[in-house]
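# Analysis of the macromolecular model
Single-letter residue listing:
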Amino acid sequence: MCGRFTLKTPAPMIAELLGLEPPGPRQLELFAPRYNIAPTQDVAVVRTATGGGREAVGMRWGLIPSWSKELPKSAPLINARSESLTEKPTFRGPLKRTRCLIPADGFYEWTTEGKRKQPHYIRFPDGRLYAFAGLWDRWRGPGGAGPVIESCTILTTAANAQLAPLHDRMPVILAPGDYDLWLDGAVENADDLRHLFDPLPAGELAIDPVDPRVNKVANDDPQCVTVQRSLF
DNA sequence: CCAGACGTTGTT
DNA sequence: GTCTGG
DNA sequence: CCAGACGTTGTT
DNA sequence: GTCTGG
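Note that residues are indexed from 1 along each chain, following the sequence as it is written. For naming, the first written chain is A and the first written ligand is 1, with later ones following in the order written. Given that this is a predicted model, residues contribute local features only at a pLDDT of at least 70 and side-chain atom pairs are listed and counted only at 80 or more, while totals for whole chains, interfaces and linings are drawn from all residues. Only hydrogens and water are set aside when side-chain values are computed; all heavy atoms of the structure are taken into account.

All right, on to the protein's contact with DNA strand E then. In these notes, residues near a molecule or strand are those with any non-hydrogen atom within 4 Å of it. Taken together, R4, A38, P39, T40, Q41, K73 and V217 form the complete shell of residues around DNA strand E. Near the protein, meaning within 4 Å, the atoms of DNA strand E are sugar or phosphate in a fraction of 27%, with bases accounting for the rest. Counting of polar contacts relies on pairs of N or O atoms within 3.5 Å, with two restrictions inside protein: one atom must be capable of donating a hydrogen and the other of accepting it, and residues adjacent in sequence are counted only when both atoms are side-chain atoms. Taking R4, its side chain carries an N or O atom lying 3.1 Å from a base nitrogen of DNA strand E. At 3.4 Å from a base nitrogen of DNA strand E is found a main-chain nitrogen or oxygen belonging to P39. Nonpolar residues are Ala, Val, Leu, Ile, Met, Phe, Trp, Tyr, Cys and Pro. Charged residues are Asp, Glu, Lys and Arg, and all others, Gly as well, are polar. Here the residues of the surface near DNA strand E are counted per class, giving three nonpolar, two polar and two charged.

Salt bridge, as used here, is a side-chain nitrogen of Lys or Arg placed within 4 Å of a carboxyl oxygen of Asp or Glu. One pass over the full model with this rule turns up nine salt bridges. Among the ionic pairs, R194 bridges to D191, the shortest N-O distance being 2.5 Å. Using a relative accessible area of 36% as the deciding quantity, one classes R194 as partly exposed. Overall, D191 belongs to the exposed group, its relative accessible area being 53%. Residue D221 pairs with R213 through a salt bridge whose shortest N-O separation is 2.5 Å. Salt bridges sharing common partners tie together R47, E55, R138 and E150. Remark: exposure states derive from per-residue accessible area (1.4 Å probe, protein chains only) relative to the maximum for the residue type, with buried under 20%, exposed over 50%, and partly exposed in between.

Another point: the confidence of the model for chain A. Put simply, chain A has an average pLDDT of 94, and 98% of its residues get 70 or more. With pTM at 0.95, the complex prediction returns an ipTM value of 0.87. Values of pLDDT, which run from 0 to 100, indicate the predictor's confidence residue by residue.

Around DNA strand D lies a shell formed by G3, R4, P39, W110, K117, N215 and K216. Taken together, the sugar and phosphate atoms account for 64% of what DNA strand D places within 4 Å of the protein. A distance of 2.8 Å separates a base oxygen of DNA strand D from a polar atom in the side chain of R4. By residue class, the composition of the surface near DNA strand D is two nonpolar, two polar and three charged.

Moving on, we get to the packing of aromatic side chains. The geometry of an aromatic ring pair is captured by the separation of the ring centres together with the interplanar angle, meaning the angle of the planes. Pairing of aromatic rings covers Phe, Tyr and Trp, the last counted by its six-membered ring, and requires centre-to-centre distances within 6.5 Å; plane angles under 30 degrees mean stacked, over 60 mean edge-to-face, and any other angle means tilted. Per the counting criterion, the structure on display carries eight aromatic pairs. Geometrically, the ring pair formed by Y108 and W110 is tilted, given 6.2 Å between the ring centres and 40° between the ring planes. On the basis of relative accessible area, Y108 is assigned to the buried category, the value being 1%. Arranged with centres 5.1 Å apart and planes meeting at 40°, the rings of Y108 and Y121 form a pair that is tilted. With Y108 in strand β7 (residues 106-113) and Y121 in strand β8 (residues 116-123), the pair connects residues that are 13 residues apart, well separated along the chain. Across this residue pair, the class does not change: Y108 and Y121 are buried. An aromatic cluster of three or more residues is present, and its members are F5, W61, F107, F124, Y130 and F132. Each ring is checked for a lysine NZ or an arginine CZ that lies within 6 Å of its centre and within 35 degrees of its normal; such an atom marks a charge sitting over the ring. The aromatic ring of W136 is capped on one face by R47, whose charged end is 4.6 Å from the ring centroid. In this description a helix means any DSSP run of H or I spanning at least four residues, a strand means any run of E spanning at least two, and both kinds are numbered starting from the N terminus.

With that settled, consider the sheet that holds strand β2 (residues 34-37). Pairing between two strands requires that DSSP report at least two bridges joining them. One open sheet holds the five strands; their spatial order is β2-β1-β7-β8-β13, and the pairing between them is antiparallel. The open sheet is flanked by β2 and β13 (206-209), the only strands paired with a single partner. Across the sheet, the mean angle separating the axes of adjacent strands is 30° when strand polarity is ignored. Looking at chain direction, β7 and β8 are connected through seven bridges and run antiparallel. By the bridge assignment, T111 is partnered in β8 with Q118. Helix axes are fitted only over the stretch in contact, all axes being lines through C-alpha atoms; the angle between N-to-C directions runs from 0 to 180 degrees.

So, on to helix α3 (residues 89-97). Considered for burial, the residues of α3 that qualify are T90, F91, P94 and L95. In a view along the axis of α3, the buried residues occupy a sector of 105°, so they form one face of it. Within α3, the exposed residues directed more than 90 degrees away from the buried face are P89, R92 and R97. Residue contacts are defined here by distance: any two heavy atoms, one from each residue, within 4.5 Å place the two residues in contact. For α3, the elements touching its buried residues are β5 (79-81), β6 (99-104), β9 (130-140), β10 (148-158) and α4 (179-183). To obtain the arc, one takes the directions from the helix axis to the C-beta atoms.

Below, the structure is given as structure tokens:
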């Protein structure tokens with residue numbers, strides 16, 4: 001669930017909606033329009049900066065636990081089940097200390113129709129920006145040597161009635177009023193955060209089939225989100 | 001105590 | 001690092 | 001998440 | 001079928 005998403009909102013608007021400084025050159029690159037963000041790629045992440053305030057940084061999508069000896073060969077941890085975070089050694093630390101916002105304005109889900117993988121694009125009807133609840137971690141190369149890689153994961157929750165036909169999970173979409181709480185490093189008690197994981201109420205999102213060109217990661221352009229019109 | 005795992009998704 | 005299994 | 005590769009030996 | 005790359 002939630003294995004591809006978009007971030008095509010203009011950079012100045014992203015900065016404004018997420019409470020960041022007006023974007024400099026670095027942020028303009030980080031927030032360059034994206035129509036097909038895929039696992040293992042760099043994604044824009046908003047976190048609490050050292051010394052307070054919010055900052056946006058690029059991170060690999062697919063969390064690598066800080067204690068990993070090698071780069072994991074198994075499927076990347078692109079999602080984390082919000083219900084069980086406190087039971088998982090991999091996520092328990094990050095839930096306490098390294099939470100983040102992952103800005104997005106739409107995501108994709110697939111249905112399999114025979115051999116055909118049909119993508120569906122899911123967003124608010126007005127296409128507005130929002131933020132997934134995310135966790136991140138920092139990994140220091142093999143044996144603590146090598147390069148430092150910061151990586152992140154997107155939380156999931158039970159799908160609401162609207163998304164259930166597509167999948168049984170959906171990403172945790174935070175309300176803007178909850179951004180401060182989610183990023184507050186002083187909050188370490190999971191019980192104070194659990195209510196943020198409630199699924200978005202059904203009916204708020206729009207779901208439409210799009211061209212399967214999005215299936216291919218190399219295709220990263222506005223055609224990915226062009227709604228397929230019925231032929232009838 | 002030490003050793004070994006540590007994850008999600010979808011598919012079978 | 002932290003949890004589970006033995 | 002989906003797409004695409006998946007291998008060795010010997011010879012040039 | 002399974003793994004890697006994006």
